[in-house]
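# A look at the structure
Chain residues, written in single-letter form:
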Amino acid sequence: MPKPTFLEIARRAGVGTATVERVLNGRGGVRPATVEKVVAAARSLDYPRRLPEAHRGVIRIEVILVRPDATFFARLSRAFERIAATLDRTIAVHRTFLDEADPAAIARRILDLDMRRAGLILAVPDHPLVGAALRKLEGEKIPTVQIVTQITGTSSAYVGIDNYAAGRMAGLLMARMQRRPGKVAAICHSQIYRVHQDRVRGFFDYLIEVGGGDFEPVAALFGYDDGDRNAEQLHEALKRWPDLAGLYNAGGANSALNDVLRRHARGREVFFVGHELTERSAAALRQGTMDVVLDQAPEAQARRAIDLVLARLNLHDLPVENPPIRFVTFTAENL
């Protein structure tokens, strides 16, 4: 086959032919992210010339995550690590953990001019600073995928479950499986994650629309996925509503909630639905303090996100479809 031209490489990379010439001839003066795009495009077209030494052989995909202490994000990070080990040696996956309470730092990282990255995958809180940075990066045509949760006003691909549907599923299971009517409460991190907002909204919507009046939604509580805060919120809820019949945790820190329910005189009467199957949540299902766990399969989300970036870089042989990831419902009977 004839050698691909600079014009073909430029079209695939979404840049001008002058930029392709500077990169492939090692002239410098091109942003690292753009260099990565050009190198990826040249490699995907089987460009035969040896690439500049500084960039030859490495296409970097950065994954920005938060909360390395949280079980879910640790599980997601391990999934990316395992996937990276199966990729061609010319593709590197770099994981970066940032403070979820510092949106300015997240925004700076997204727009870091010194980052050599061909693509970006991120699971970070929704904040105006983060949204503005991400929209600017999207405008530069850098392949970007949001995983787990979406940033308001952005257009890059989203990989994750249908969180509103997950909340409705939690409501359905509570309405069908809890025999004792009463008040129900939801707890989540806060309002900085759209994923939690959608789940809580779906949960309350189902109980209001279909619950038959047996269950009264009374509060959405914020525990910031912190064990102590979650425990405090649940203690207050049990004190305030003696007829509390149901609890839905749309976020993390299930263990603290299970501890409260295990020790409280009425704890076993509360129907508890939470997210993410871990060793601790599985133990809680067996012990009966937790009734249902909805698991959002972070391993599948990581695989899909990598495939979408590789497809955008023309390094994936087949088109990648992106329907919502299926979540899995667990009880004590199907662990």
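Up top is the structure.
Below you will find a few notes about this structure.

## Details of the pairing of strand β4 (residues 144-147)
Here β4 shows a buried face lined by T144 and Q146 and a second buried face lined by V145 and I147. Summarising the sheet, strand β3 (residues 119-122) and β4 pair through three bridges and their orientation is parallel. Bridge assignment links I121 to a residue of β4, and that residue is V145. Regarding the hand of the β-α-β motif, the stretch spanning β3, helix α6 (residues 128-139) and β4 is right-handed. Where β4 and strand β5 (residues 157-159) come together, three bridges link them in parallel fashion. Considered in β5, the bridge of V145 is made with A157.

## Notes on the packing of helix α5 (residues 103-110) against α6
A pair of packed helices is captured by two measures, namely the crossing angle of their axes and the spacing between those axes. Relative to each other, α5 and α6 sit at 5°, their axes nearing to 8 Å. By the angle between their axes, α5 is roughly parallel relative to α6. Where α5 approaches α6, its residues P103, A104, I106, A107 and I110 are matched on the opposing element by L129, V130, A133, L134 and L137. When the residues that make up the contact of α5 with α6 are grouped by side-chain class, the tally is ten nonpolar, no polar and no charged.

## Overview of the sheet that holds strand β7 (residues 215-222)
Spatially, the six strands line up as an open sheet ordered β7-β6-β8-β9-β10-β11, and their pairing is mixed. If you trace the sheet from one side to the other, it starts and ends with β7 and β11 (328-330), each paired once. Ignoring which end each strand starts from, the neighbouring axes of this sheet average 15° apart. Bridge count between strand β6 (residues 182-188) and strand β8 (residues 244-249): five bridges; the pairing is parallel. Opposite A185, over in β8, you have L247 as the bridge partner.

Calculation criteria
- Residues numbered from 1 in each chain as written.
- Predicted model: local features only at pLDDT ≥ 70, side-chain atom pairs only at ≥ 80, totals over all residues.
- Heavy atoms only, no water.
- Buried < 20%, exposed > 50% of the residue type's maximum accessible area, 1.4 Å probe, protein only.
- Helix = DSSP H or I, 4+ residues; strand = E, 2+ residues; numbered from the N terminus.
- Pairing = 2+ DSSP bridges.
- Right-handed = clockwise from strand over helix to strand, strands pointing away.
- Axes fitted to C-alpha atoms, helices over the stretch in contact; angles between N-to-C directions.
- Parallel < 35°, antiparallel > 145°, perpendicular 65-115°, else oblique.
- Contact = heavy atoms within 4.5 Å.
- Nonpolar A, V, L, I, M, F, W, Y, C, P; charged D, E, K, R; others polar.

Distances and angles like these do not, on their own, reveal function.
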